[in-house]
Amino acid sequence: MNARDTLGRPLANLRVSVTDRCNLRCQYCMPERDYAWLPRRDILDFEELSALVDVFADLGVDKVRLTGGEPLVRRDLSRLVRMIADKPAIRDLALTTNGILLAEKAAELKEAGLGRVTVSLDTLDPNRFRELTRIDGHARVLAGIAEAARLGFRALKIDTVVIRGVTDGELAGLLEYGQRIGAEVRFIEYMDVGGATRWSPEKVVPRAEILGTLARRFGPIRPEPPEGSAPAERFRLADGTVFGIIASTTAPFCRACDRSRLTADGLWYLCLYGARGTDLRAPLRAGASREELKALIEGTWRGRADRGAEERLALRDRSPLLPVNTLKRDPHLEMHTRGG
Ligand code: SF4
């Protein structure tokens, strides 16, 4: 039985950030020169993460997505994948990765039981990739996507952040690339979350504009029926190609949001925009029983009223969520810590 929050939203979808580290430095997520990292002693080991997933599963979570930072920089991640995939209550286990290490790790992840893979790819231009991420790794990402496609995961998606003047000229090209490789492309509106200190409203390309651009290139676009609480609205081209748009900035979907986020050091956030997390590490390490942890998590979820993106939309003058100094004081406010 799912726990429900104050808006009747079930606790169903848990995003587990396994590390705050990343091997890219994307301008829209980690634009600064230096970052404060989570102390290593606080990072939960796989047994601790697995124990928490069991408690969440007791309360109705049946979907887990591994995130970061970049989850594949965490050593031996396939061991955690196996531990979670073996839980009968978890019917969907997915991973979001930047793809840099995917080619070498995809086979062992699949063998361990990983079901779905989402790769972030914002450009097909290696030079633009280097400017955006500050790493020369475009060919490795494409190799990772190709290997994931070859292995045949249950689903393969490509997430593209659309930024005006940077990646907005690549919508059709990315969609065609997805068609060729067998991956569903999802276009994501640029969000003003923690870490996005260079965000501005002018850089957001709204859903309607994305659809207009694609319709001019591919002809009529039809909406697909909604898929549960999934954040992407899906559309279909006349040739059958399906793609998604995640309009978190201009048309947020908080009313159906069943997602919460666990950081690598065991803080639990009820919303991407949430200012404070619930510390699950301290009670876990102090020996709290499964029932005690369950009571803590259930009670917290029952009080949840978060609608971060909808509240941001209501603001008249919108600017980055947090200044750099605030982010530096608490790395938990960063998107790369709580998993975007
Ligand atoms: S802003 Fe918060 S409540 Fe709204 S969809 Fe995102 S995580 Fe869910």
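These remarks concern the structure in this document. (Residues numbered from 1 in each chain as written. Predicted model: local features only at pLDDT ≥ 70, side-chain atom pairs only at ≥ 80, totals over all residues. Heavy atoms only, no water.)

1. Overview of the overall build of the protein
So, step 1. Helix and strand counts for the protein stand at twelve helices and twelve strands.
So, step 2. Here the protein has a C-alpha radius of gyration of 19 Å; the compact-globule value for 340 residues is 20 Å, and the two agree.
So, step 3. Dimensions of the protein, computed from the C-alpha atoms along their principal axes, are close to 60 × 50 × 40 Å.
So, step 4. Sorting the 340 residues of the protein into buried and exposed places 54% on the buried side.
So, step 5. Pairs at least 24 residues apart make up 74% of the contacts formed inside the protein by residues separated by at least 6 positions.
So, step 6. Of the roughly 14,400 Å² that the protein leaves accessible, carbon and sulfur atoms contribute 50%.
So, step 7. For the protein, the distance from the average site of its 54 positive side-chain charges to the average site of its 48 negative ones is 1 Å. (Helix = DSSP H or I, 4+ residues; strand = E, 2+ residues; numbered from the N terminus. Rg over C-alpha atoms; globule rule 2.2 N^0.38 Å. Buried < 20%, exposed > 50% of the residue type's maximum accessible area, 1.4 Å probe, protein only. Contact = heavy atoms within 4.5 Å. Areas by Shrake-Rupley, 256 points an atom, 1.4 Å probe, with all protein chains shown as cover. Lys, Arg positive; Asp, Glu negative; His and termini not counted. Charge placed at Lys NZ, Arg CZ, Asp CG, Glu CD.)

2. A look at the pairing of strand β2 (residues 63–67)
So, step 1. Extensive coverage of β2 is indicated by the burial of four of its five residues.
So, step 2. With four bridges connecting them, β2 and strand β3 (residues 92–97) associate as parallel partners. Among the inter-strand pairings, L66 is bridged to a residue of β3, identified as L95.
So, step 3. Where the polypeptide runs from β2 across helix α2 (residues 77–85) and back to β3, its parallel neighbour, the crossover connection is right-handed. (Pairing = 2+ DSSP bridges. Right-handed = clockwise from strand over helix to strand, strands pointing away.)

3. Examining the site of the ligand
So, step 1. In the vicinity of the ligand, the residues found are F253, C254, C257, R259, R261, C271, L272, Y273, R304, D306, G308 and A309.
So, step 2. Contributions of two or more residues to the shell around the ligand are made by β10 (259–262) and α10 (308–313).
So, step 3. Taken together, the residues of the shell around the ligand break down into seven nonpolar, one polar and four charged. (Near = heavy atom within 4 Å. Nonpolar A, V, L, I, M, F, W, Y, C, P; charged D, E, K, R; others polar.)

4. So, the sheet that holds strand β5 (residues 155–162)
So, step 1. Spatially, the twelve strands line up as an open sheet ordered β7-β8-β9-β6-β5-β4-β3-β2-β1-β10-β11-β12, and their pairing is mixed. At either end of the open sheet lies a strand with only one pairing partner, and these are β7 (221–223) and β12 (278–279).
So, step 2. Bridging between strand β6 (residues 184–189) and strand β9 (residues 242–246) involves three bridges; their strand directions are parallel. When the sheet's bridge partners are listed, R186 is paired in β9 with G244.
So, step 3. Its contacts with the sheet put helix α6 (residues 171–181) on β5, β6, β8 (233–237) and β9, and the angle it makes with β6 is roughly 150 degrees.
So, step 4. Against the sheet, helix α7 (residues 207–218) contacts β5, β6, β7, β8 and β9, and its axis sits at roughly 155 degrees relative to β9. (Axes fitted to C-alpha atoms, helices over the stretch in contact; angles between N-to-C directions.)

5. Side note on the packing of aromatic side chains
So, step 1. Evaluated as defined, the whole model comprises six aromatic pairs.
So, step 2. Summarising the aromatic geometry, the rings of Y28 and Y190 are spaced 6.4 Å apart at their centres and angled 75 degrees between planes, so their arrangement reads as edge-to-face. Placement of the pair is Y28 in the loop between β1 (13–17) and α1 (46–58) and Y190 in the loop between β6 and α7, with a sequence separation of 162 residues.
So, step 3. Residue Y190 is classed as buried on the basis of its relative accessible area of 4%. (Phe/Tyr/Trp six-rings, centres within 6.5 Å; stacked < 30°, edge-to-face > 60°.)

6. Remarks on helix α4 (residues 126–133)
So, step 1. Inspection of α4 places F129, L132 and T133 among the buried residues, and these make up the whole buried set. For α4, the angular spread of buried residues about the axis comes to 80 degrees, placing them on one side.
So, step 2. Tucked into the core, α4 has its buried residues touching α5 (138–151).
So, step 3. One side-chain oxygen of the residue at the start of α4 lies 2.8 Å from the amide nitrogen of N127, identifying that residue as D125.
So, step 4. Just beyond α4, the residue with positive phi is R134, at close to 65 degrees. (Arc of directions from axis to C-beta. Polar contact = N/O pair within 3.5 Å; in protein donor to acceptor, adjacent residues only side chain to side chain.)

7. Some details on the packing of α1 against α2
So, step 1. At their nearest, the axes of α1 and α2 sit 10 Å apart, and the two run at 25 degrees to each other. Overall, the two elements α1 and α2 adopt an arrangement that is roughly parallel. Taken as a pair, α1 and α2 cross one another with a handedness that is right-handed. Along the contact surface, α1 presents F46, E47, L49, S50 and V53, while α2 presents L77, R79, L80, M83 and I84.
So, step 2. For the contact of α1 with α2, the per-class residue count stands at seven nonpolar, one polar and two charged. (Parallel < 35°, antiparallel > 145°, perpendicular 65-115°, else oblique. Left-handed = near helix turned anticlockwise from the far one by under 90°.)

8. Side note on the side chain of R65
So, step 1. Positionally, R65 belongs in strand β2.
So, step 2. For R65, which is buried and forms no salt bridge, the nearest opposite charge comes from D92, at a distance of 6.0 Å.
So, step 3. Look past the residues within four positions of R65 in its chain and what remains in contact with it is L14, R15, V16, A94, L95, T96, R116 and T118. (Salt bridge = Lys/Arg side-chain N within 4 Å of Asp/Glu carboxyl O.)

9. Quick word on α6
So, step 1. For α6, every residue scored as buried is listed here: L171, A172, L174, L175, Y177 and G178.
So, step 2. Buried residues along α6 sit in contact with α5, β5, β6, α7, β8 and β9.
So, step 3. Phi for G182, located one or two positions after α6, is positive at around 85 degrees.

10. Focus: the pattern of salt bridges
So, step 1. Tallied over the full model, the rule gives 28 salt bridges.
So, step 2. In this structure, the salt-bridge partner of E170 is R128, at a minimum N-O distance of 2.6 Å. Taken as a pair, E170 in the loop between β5 and α6 and R128 in helix α4 lie far apart in primary sequence, 42 residues in all.
So, step 3. Judged by relative accessible area, which is 9%, E170 ranks as buried.
So, step 4. Taking the shortest distance from any N to any O, the salt bridge between R186 and D159 comes out at 2.9 Å. With R186 in strand β6 and D159 in strand β5, this pair connects stretches of sequence that are 27 residues apart.
So, step 5. Through salt bridges with shared partners, a single network forms among D5, R9 and R304.

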